Protein chains: 2
Amino acid sequence: MQAALREVAAKIDRVIAEDAFPESIQPAFLRDSVRDYPGRGGKRLRPALLIWCCGLLGGDPCRAWLPAAAVEVWHNWTLVHDDIIDRDVLRRGVPTAHCRLRDAVAAAPFRQDGAEAERQGMNFAVLCGDLQQAWANHLLSRAVESGLRAETVTGALRRMQELGGRALISGEALDVAFSLRSPLEINPEEVLEMIRLKTGALLRLAAELGAMTALDDATPEREETRMLGDFAEACGVAFQLRDDVLGIFGDETKLGKAVGNDLKEAKPTVLLLRALALAAPAVRRELLASLHLPEYTPEHLKRVRQWLRESGAAESVAADCRKLATRARDLLAVFPANRYRDYLLEFTDYLTVRER
Amino acid sequence: MQAALREVAAKIDRVIAEDAFPESIQPAFLRDSVRDYPGRGGKRLRPALLIWCCGLLGGDPCRAWLPAAAVEVWHNWTLVHDDIIDRDVLRRGVPTAHCRLRDAVAAAPFRQDGAEAERQGMNFAVLCGDLQQAWANHLLSRAVESGLRAETVTGALRRMQELGGRALISGEALDVAFSLRSPLEINPEEVLEMIRLKTGALLRLAAELGAMTALDDATPEREETRMLGDFAEACGVAFQLRDDVLGIFGDETKLGKAVGNDLKEAKPTVLLLRALALAAPAVRRELLASLHLPEYTPEHLKRVRQWLRESGAAESVAADCRKLATRARDLLAVFPANRYRDYLLEFTDYLTVRER
């Protein structure tokens with residue numbers, strides 16, 4: 001799968017780099033910003049999912065390049081706006097869009113000072129994401145050029161607004177809203193729904209567009225399309241649950257990021273909320289007291305892990321994750337075997353049983 | 001025309017209010033925000049332009065309702081993001097989206113304090129505009145339901161990304177960028193280009209979609225479509241030039257807003273930049289000194305008006321405005337007379353020779 005994934009990534013890199021849409025964007029520094037995230041590479045998991053779902057159903061992968069590039073650019077605009085909302089300074093080890101735009105505004109001919117540069121950098125980053133959203137739609141509208149029926153392209157565009165727009169953005173908004181409430185007020189089921197929207201919906205979109213492309217079908221209602229959508233959503237939710245587990249139980253050297261960050265930010269994960277619900281009152285108080293700390297020693301993390309294990313929360317989340325992965329594999333098993341099915345099975349493991 | 005405009009507005013109000021897209025948006029306060037601006041009414045000039053251009057070419061106006069609603073919702077998301085960027089507190093006399101969302105975040109169950117509520121209100125308003133952008137595309141994708149060919153709808157969606165997305169947002173970004181530079185560094189021609197993008201592109205889009213709907217044509221390349229696009233863009237630029245003139249020469253009681261605001265904000269209008277370019281050095285210095293003042297007395301405004309007149313700038317901008325209005329009327333004169341042509345002629349006057 002890794003070789004096939006690299007092949008997809010190389011092709012998607014090229015489709016995005018060669019697309020003319022951003023060329024006439026003004027001013028020039030904003031044009032550069034629009035091309036920045038989509039040009040930073042990355043694994044291109046969503047395009048691969050789309051193309052392999054298309055291949056699984058016997059579709060011509062050549063017809064799937066533009067929809068795949070569209071989903072990837074869509075993913076990137078959501079990252080630009082998320083980074084503004086979270087005030088993150090790094091994305092894949094490089095300054096975020098609003099930081100780079102702040103630097104552009106601090107330089108000649110603008111020469112804005114600190115706070116004003118910061119504010120205007122955010123403003124331009126809002127417009128950068130808006131432009132990328134339009135770019136993603138434009139890429140998808142061009143899919144008629146690769147032989148898809150216009151009915152299919154219109155249906156795909158409609159679905160992109162429903163899943164990539166309404167569902168994903170609702171998920172992002174719920175995530176922000178949860179971060180503003182006490183973890184004790186949030187139900188783990190609400191968080192699962194948020195994950196389904198924020199992470200699951202875009203993977204569902206990729207899978208559905210792959211199927212709609214293969215079948216040249218304007219609706220997401222065909223049995224195969226629904227099944228592949230369900231498969232992708234299950235992978236997405238399992239991926240996120242696994243991410244939360246690794247965020248506390250993971251190996252920092254494998255993960256490449258600090259374990260304990262979720263505790264520092266008091267992130268209301270399903271793992272934490274289940275532990276709070278299941279633990280004895282004394283342990284619940286200890287758990288709550290171990291949120292928002294400036295630093296986490298190995299001893300501290302060890303104790304938190306013990307509470308999460310003893311409460312049964314760790315096993316309960318791991319079981320959910322296994323169940324989702326099994327469901328995903330079962331959905332794939334219904335389709336006839338071909339190399340795309342092998343890729344997708346490996347993709348499922350890659351997302352759900354990973355160590356990093 | 002006013003009666004026909006009211007009829008369009010009533011119908012568009014209904015199409016937008018009854019559309020199901022926002023129903024499943026979460027959380028509920030964000031769903032309310034998404035419906036807020038599009039539900040505030042207003043003149044619905046862009047939908048009227050679209051529908052009348054469709055009628056002018058003999059098209060069935062019933063087919064144009066969804067594209068017209070789409071252009072109106074598109075216009076509204078740009079207002080939500082513009083209001084964030086400008087930190088405006090009122091829109092049509094009612095609190096802006098980010099102010100209302102700030103209030104939602106300050107209330108239960110979030111109870112965020114001043115600065116944090118402010119920041120999170122902005123964050124949710126970014127997501128509100130993103131959702132409205134998706135909603136606008138969704139409305140347009142549904143136009144197949146009113147009998148348009150899918151090819152036409154795909155072409156219309158593509159054009160919406162080019163004009164409503166790339167061109168309009170570039171115009172907004174240029175406007176922000178100009179506001180960060182000294183007026184002496186900006187060329188009036190650059191400002192004209194910004195107006196063409198920020199104001200002209202969306203009116204061009206409305207006219208082109210009206211023509212493409214009438215002709216059931218997937219491209220904006222037909223002669224009629226291009227001419228109506230040029231007509232609408234000319235109206236848009238003339239409207240903005242007129243707006244800048246009224247901003248200094250207008251009658252406050254007719255305008256309903258303070259004359260002198262553009263001077264207070266040192267807005268680099270074509271009018272101001274031409275005056276700076278044409279005036280003698282002593283007057284140029286006086287003009288520059290009269291920017292950014294906290295208040296403008298009638299005497300002060302009288303002197304500024306005199307400088308703008310004596311430099312020839314006022315007459316030069318008025319002449320441009322007249323030229324654009326004449327060009328717009330000439331473009332319409334080519335089409336056979338019907339009631340839609342009468343509406344569009346009156347619409348031209350309404351935008352370009354208005355007093356308020």
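Residues numbered from 1 in each chain as written. Chains lettered and ligands numbered in written order. Predicted model: local features only at pLDDT ≥ 70, side-chain atom pairs only at ≥ 80, totals over all residues. Heavy atoms only, no water.

Chemist: How would you sum up helix α14 (residues 298-310) of chain B? Please name residues and give values.
Modeler: Because each turn of an α-helix spans 3.6 residues, side chains separated by three or four positions end up pointing in the same direction. Residue and element names in this part refer to chain B. Look at α14: 18 Å from first C-alpha to last across 13 residues, which is about the 18 Å you get at 1.5 Å a residue. The set of residues buried in α14 consists of His300, Leu301, Val304, Trp307 and Leu308. The buried side chains of α14 occupy one side of the element, clustering within an arc of 120° when seen end-on. In α14, those exposed residues whose orientation departs by more than 90 degrees from the buried face are Pro298, Glu299, Lys302, Arg309 and Glu310. Summarising the contacts, the buried residues of α14 are in contact with α9 (223-249), α11 (261-264), α12 (270-278), α13 (281-289) and α15 (313-333). Glycine 312 lies just past α14 and shows a positive phi near 90°. (Helix = DSSP H or I, 4+ residues; strand = E, 2+ residues; numbered from the N terminus. Expected span 1.5 Å × (residues − 1). Buried < 20%, exposed > 50% of the residue type's maximum accessible area, 1.4 Å probe, protein only. Arc of directions from axis to C-beta. Contact = heavy atoms within 4.5 Å.)

Chemist: Lay out the pattern of salt bridges with the relevant residues and their values.
Modeler: All names here are of chain B. Inspection of every chain in the model, using the stated rule, returns 63 salt bridges over all chains. Notably, a salt bridge pairs arginine 274 with aspartate 320, separated by 2.8 Å at the nearest N-O pair. Taken as a pair, arginine 274 in helix α12 and aspartate 320 in helix α15 lie far apart in primary sequence, 46 residues in all. Aspartate 320 matches arginine 274 in its accessibility class, with the two residues each being buried. (Salt bridge = Lys/Arg side-chain N within 4 Å of Asp/Glu carboxyl O.)

Chemist: Quick rundown of the relation of the copies chain B and chain A? Include the residues and the values.
Modeler: With an axial shift of 0.0 Å and an RMSD of 0.0 Å, the rotation relating chain B to chain A amounts to 180°. Expressed as an axis order, the relation between the two copies is that of a two-fold axis. An overlap of 100% is found between the interface residues of chain B and their copies at the interface of chain A, pointing to a shared contact surface. (Least-squares fit on C-alpha atoms with pLDDT ≥ 70 in both.)

Chemist: Give a description of the packing of helix α2 (residues 28-36) of chain B against helix α5 (residues 97-106) of chain B that names residues and reports values.
Modeler: Residues and elements named next belong to chain B. Contact geometry for α2 and α5: axes closest at 11 Å, N-to-C directions at 160°. Classified by the interaxial angle, the pair formed by α2 and α5 is roughly antiparallel. Judged by the twist between their axes, the crossing of α2 over α5 is right-handed. Two secondary-structure elements touch here, α2 through Phe29, Ser33 and Asp36 and α5 through Ala97, Arg100, Leu101 and Ala104. Residue composition of the contact of α2 with α5, by class: 4 nonpolar, 1 polar and 2 charged. (Axes fitted to C-alpha atoms, helices over the stretch in contact; angles between N-to-C directions. Parallel < 35°, antiparallel > 145°, perpendicular 65-115°, else oblique. Left-handed = near helix turned anticlockwise from the far one by under 90°. Nonpolar A, V, L, I, M, F, W, Y, C, P; charged D, E, K, R; others polar.)

Chemist: Describe in detail the interface of chain B and chain A, supporting the description with residues and values.
Modeler: If you look at the interface, chain B gives 55 residues, while chain A gives 55 residues. Between chain B and chain A lies a buried interface of about 4,800 Å² when both sides are counted; carbon and sulfur atoms form 65% of it. Across the contact surface, chain B and chain A share 2 salt bridges. Among the ionic pairs, arginine 158 of chain A bridges to glutamate 145 of chain B, the shortest N-O distance being 3.2 Å. Top contributing element to the side of chain B that touches chain A by residue count: helix α7 (residues 150-179) of chain B, with 17 residues. Taken together, the residues of the side of chain B that touches chain A sort by class into 27 nonpolar, 14 polar and 14 charged. (Buried area = accessible area lost by both parts, 1.4 Å probe.)

Chemist: Which residues make up the packing of aromatic side chains, and what values go with them?
Modeler: In this description, an aromatic ring pair is defined by two values, namely the gap between the centres and the angle between the planes. A full pass over the atoms with the stated rule returns 12 aromatic pairs over all chains. When the ring of phenylalanine 29 of chain A is compared with that of phenylalanine 124 of chain A, the centres are 5.0 Å apart and the planes differ by 85°; the resulting orientation is edge-to-face. Of this pair, phenylalanine 29 of chain A sits in helix α2 (residues 28-39) while phenylalanine 124 of chain A sits in helix α6 (residues 114-141); the two residues are 95 residues apart in sequence, bridging distant segments of the chain. Taken as a pair, phenylalanine 29 of chain A and phenylalanine 124 of chain A share a single burial class, namely buried. Arginine 166 of chain A extends its terminal NZ or CZ atom over the ring of phenylalanine 21 of chain B, reaching a point 4.6 Å from the ring centre. (Phe/Tyr/Trp six-rings, centres within 6.5 Å; stacked < 30°, edge-to-face > 60°. Lys NZ or Arg CZ within 6 Å of the ring centre and 35° of its normal.)

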